[in-house]
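Read off the chains here:
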Amino acid sequence: MANKREIKKDVDYLIGEVISDCYTYLIIHGDKNRDKVIEIISEIIEKRNELIGRVNNPDKKFDSKQIKSHFKAINVDLLTAIDVSFTKLSKLSSKK
């Protein structure tokens, strides 16, 4: 299991990639779908804050197996949120 610092770095890196791609979209396409892109950024930032909170505050009643499953669930939620965000952005890109 990775330590908390590495998990937080992974969260920040992946969230940063989504935000970077959103800003790249805005630069390329101008004001087209600007509100939807800003909504994607807002959602992913909220998800980041939730995930960092979950990393920082695991339940103290957990034993080692429950802690592992807790952090695996965080990883799955992170990857799902990233995938959903990239899917939303690619749908905006594919619209003409």
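Keep in mind it's a predicted model, so treat the numbers as computed, not measured.

Mind showing me how you'd approach helix α1 (residues 4-29) here?
Given 3.6 residues per turn, any residue in an α-helix points the same way as the ones three and four places further on. With 26 residues, α1 should cover 38 Å at 1.5 Å per step; its first-to-last C-alpha distance of 37 Å lies within 8% of that length. Where α1 is concerned, the buried positions are I7, V11, I15, V18, I19, C22, Y25 and L26. Where α1 is buried, its residues meet α2 (34-56) and α3 (64-94). Of the residues one or two after α1, G30 is the one with positive phi, at around 70 degrees.

Help me understand the side chain of S85, please; the structure alone is not making it clear to me.
Inspection of the secondary structure puts S85 in helix α3. Since its relative accessible area comes to 6%, S85 is described here as buried. Filtering out sequence-adjacent residues up to four positions away, S85 remains in contact with V18, I40 and I44.

I would appreciate a short explanation of the pattern of salt bridges in the present structure.
It is possible for side chains of opposite charge to pair when their charged atoms get near one another. Under the criterion given, the structure shown has 6 salt bridges. Close ionic contact of D31 with R34 constitutes a salt bridge, the shortest N to O distance being 3.6 Å. By relative accessible area, R34 is classed as partly exposed at 42%. Because the salt bridges share partners, they merge into one network encompassing K47, E50, R54 and D77.

Can you help me understand unusual backbone geometry in this one?
Excluding glycine, residues mostly have negative phi values, and the peptide bonds linking residues are mostly trans. If you check the backbone angles, N33 has positive phi at about 60 degrees while not being a glycine. For N33, a relative accessible area of 21% corresponds to the partly exposed category.

Teacher, can you tell me more about the environment of E39 here?
As for its placement among the helices and strands, E39 is situated in helix α2. A sequence separation of 11 residues divides E39 from E50, and the C-alpha atoms of the two residues are 17 Å apart.

Conventions used here
Residues numbered from 1 in each chain as written. Predicted model: local features only at pLDDT ≥ 70, side-chain atom pairs only at ≥ 80, totals over all residues. Heavy atoms only, no water. Helix = DSSP H or I, 4+ residues; strand = E, 2+ residues; numbered from the N terminus. Expected span 1.5 Å × (residues − 1). Buried < 20%, exposed > 50% of the residue type's maximum accessible area, 1.4 Å probe, protein only. Contact = heavy atoms within 4.5 Å. Salt bridge = Lys/Arg side-chain N within 4 Å of Asp/Glu carboxyl O.

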